[in-house]
Amino acid sequence: MGDHTKKERRKFLDNGLKLGIAAAIGGLGISKITSKLNANTEHNSGEKMELMTVDGTLIEVDSSEVMEVQHAEDHDQKYNVREGMPNRKFVMVIDLAKCKNALKCQQSCNKHHYITGDNAWLKVYKMQEEKDTAPYWMPTTCMHCDQPACVTVCPVDATFKRKDGLVLIDNERCIGCRFCMAACPYSTRVFNWSEPNQEFTLNMDMVNHQYSPEHSGMPSVKGTVDKCDFCPHQVQKNELPHCVTACPNGVFYFGDKYEDTVNNGEETVRLSKLLEEKAGYRLMDSLGTEPSVYYLPPVDRLVDFEDGLEEYNEFKSVDKPE
Amino acid sequence: MPFLGFNQPSPKEAEILQEEEYETLLKPDGTTVKVKVSTLKNSKVLKKNISNTSLLGWLGKKI
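A quick note: this is a predicted structure, and the numbers were derived from the prediction, not measured. (Residues numbered from 1 in each chain as written. Chains lettered and ligands numbered in written order. Predicted model: local features only at pLDDT ≥ 70, side-chain atom pairs only at ≥ 80, totals over all residues.)

1. A look at the overall build of chain A
Logical step 1: From N to C terminus, chain A includes eight helices and 14 strands.
Logical step 2: Sequence-distant contacts in chain A: of pairs separated by 6 or more residues, those separated by 24 or more amount to 62%. (Helix = DSSP H or I, 4+ residues; strand = E, 2+ residues; numbered from the N terminus. Contact = placed C-beta atoms within 7 Å.)

2. Concerning the overall build of chain B
Logical step 1: Along chain B, the regular secondary structure elements total four helices and three strands.
Logical step 2: Each helix and strand of chain B, ordered N terminal to C terminal, gives the series α-α-β-β-α-β-α.
Logical step 3: For chain B, buried positions account for 5% of its 63 residues. (Buried ≥ 20, exposed ≤ 12 C-beta atoms within 10 Å, placed from the backbone.)

3. Notes on the sheet that holds strand β4 (residues 90-95) of chain A
Through backbone hydrogen bonds, the strands of a sheet pair up, either in parallel or in antiparallel fashion.
Residue and element names in this part refer to chain A.
Logical step 1: Within the open sheet, the five strands sit side by side as β13-β12-β11-β4-β14. Their pairing is mixed. The open sheet has two edge strands, β13 (268-270) and β14 (293-296), and neither has a second partner. Strand-to-strand twist across the sheet, computed as the mean angle between neighbouring axes with direction ignored, equals 30°.
Logical step 2: As paired elements, strand β12 (residues 261-263) and β13 share three bridges and run antiparallel to each other. Bridge assignment links V262 to a residue of β13, and that residue is V269. (Pairing = 2+ DSSP bridges. Axes fitted to C-alpha atoms, helices over the stretch in contact; angles between N-to-C directions.)

4. Side note on the nonpolar core
Logical step 1: Ranked by internal contacts, the top residues of the largest apolar core, which has 52 residues, are A:M92, A:V93, A:C105, A:C243 and A:F252.
Logical step 2: Listing elements by their share of this core, those giving two or more residues are β4, α2 (104-113), β6 (136-140), β8 (167-169), α7 (242-246), β11 (252-256), α8 (271-277) and β14 of chain A.
Logical step 3: Element by element, the count of residues in this core is highest for β4(A), at five residues.
Logical step 4: Contacts of A:C243, omitting those with residues within four sequence positions, involve A:C105, A:S108, A:C109, A:L122 and A:F252.
Logical step 5: Counting six residues, the second largest nonpolar core, distinct from the first, contains A:L51, A:L58, B:L25 and B:V35. (Core = buried A, V, L, I, M, F, W, Y, C linked by C-beta atoms within 7 Å.)

5. Description of α2(A)
All names here are of chain A.
Logical step 1: Of all 10 residues making up α2, seven are buried, and the element is well covered by its neighbours.
Logical step 2: Regarding α2, the residues found buried are C105, Q106, Q107, S108, C109, N110 and H113.
Logical step 3: Once α2 ends, the next one or two residues include Y114, with phi positive near 55°.

6. Things to note about unusual backbone geometry
Residue and element names in this part refer to chain A.
Logical step 1: With a phi close to 50°, C231 is a non-glycine residue in the positive phi region.
Logical step 2: Looking at the element boundaries, C231 is found in the loop between β10 (225-226) and α6 (232-235).
Logical step 3: The backbone of D260 shows a phi angle near 55°, a positive value even though the residue is not glycine.
Logical step 4: Its location among the elements puts D260 in the loop between β11 and β12.

7. Topic: the pairing of strand β2 (residues 32-36) of chain B
Logical step 1: Taken together, the three bridges between strand β3 (residues 66-68) of chain A and β2(B) define a ladder with antiparallel strand orientation. When the bridges of β2(B) are listed, A:M67 appears paired with B:K34.
Logical step 2: Pairing analysis gives five bridges linking strand β1 (residues 22-26) of chain B to β2(B), with the strands arranged antiparallel. Note on β2(B): the bridge partner recorded for B:L26 is B:T32.

8. Some remarks on the confidence of the model for chain B
All names here are of chain B.
Logical step 1: Overall, the prediction assigns chain B a mean pLDDT of 75, with 67% of residues at 70 or greater.
Logical step 2: Summarising per-element confidence for chain B, the mean pLDDT is lowest in helix α1 (residues 2-6) (50) and highest in strand β3 (residues 44-47) (90).
Logical step 3: Across the whole predicted complex the pTM is 0.62, and at the interface the ipTM reaches 0.72. (pLDDT = per-residue confidence, 0-100.)

9. Brief notes about the environment of A:H144
Logical step 1: Checked against the element boundaries, A:H144 lands in the loop between β6 and α3 (149-153).
Logical step 2: Counting along the chain gives 53 residues from A:H144 to A:V91, while the straight-line C-alpha distance between them is 8.4 Å.

10. Considering the environment of B:K44
Logical step 1: Mapped onto the elements of the fold, B:K44 is located in strand β3.
Logical step 2: The class of B:K44 is exposed, set by 11 C-beta atoms lying within 10 Å.
Logical step 3: Ignoring anything within four residues of it in the chain, the contact list for B:K44 reads A:I59 and A:E60.

11. Quick notes on the environment of A:S63
Residue and element names in this part refer to chain A.
Logical step 1: Mapped onto the fold, S63 is located in the loop between β2 (58-62) and β3.
Logical step 2: Distance in space between the C-alpha atoms of S63 and K48 is 5.4 Å, their sequence separation being 15 residues.
Logical step 3: Here S63 is in contact with S45, E47, K48 and M49, once residues within four sequence places are set aside.

Set out below in structure tokens:
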């Protein structure tokens, strides 16, 4: 009986030891396998990422080694149409020496803003200071003044000045009082006396259109004031205004004053250098309106004035959009 | 034993991990990330001292 109990106990202990050793070996094996799996996911995802160090070296690291940085939320990122594009100051330079009244600027502007009749935002005038001085062509747009009289007089805050330099009109706010037209010393604003007589076809853009003061892809609104808007819809696409790209003679330069750079579609030049070298000036500068449009005087003209007479039309009407 | 924290890093190793130095690097989308300095040392160098033009090109900006 005593021997039998001893044998049973020995057998039990023997089995327990064997089981313990087997469990330890198995556990170690599983642990090794899982650690290997972890190592694979942590150290080698297989996906490579190009990064730039502060000293300008381009390196390639495994994307699993990269730790994302929590960026502070920028509350100013939401675009405000009344504030404009941040850190920009748009300017235009018009070189009178190059203009020969080809009127491509006006045609393009009319086409893209659905303008007809006398309401052209961009007009080209025949100028002659004296009888014995040579005549020249002078395109005019809204001057986008830094001290705009139109904004000061608007009773409903429909026309406003943005930080990026643009003066725009909110046609949904405009009550058609025309105070701004009276206040503007450059007479560039036009009034929509009637529904626009414009030929256009509705496209998907128009169907889903939500009005914005900087969106030009819609016809004008009867009973409100219109004017050149410096084509912010183009600028947002990193493109030049329609008049600049349409001009075959490189008359219009458009750019950013903060970057001191303007472009006429053919060349990019320093704004300060261009104005200094060609004696740039602003219209009625003494009024203190501080226009954003500069003119280069019509000296050393590159074109014959007579050529432009074929297109001259006294602004009784302007071309309908194509 | 394997199931009782055998595979965990020792306290000394954990301390080293916490003190690991990181460097801030630029991603091509213009955001920044952090990478361990030790990883950087072992990383593959694609190009050194790149020019401004190359940098803007890498960032996908028009010049």
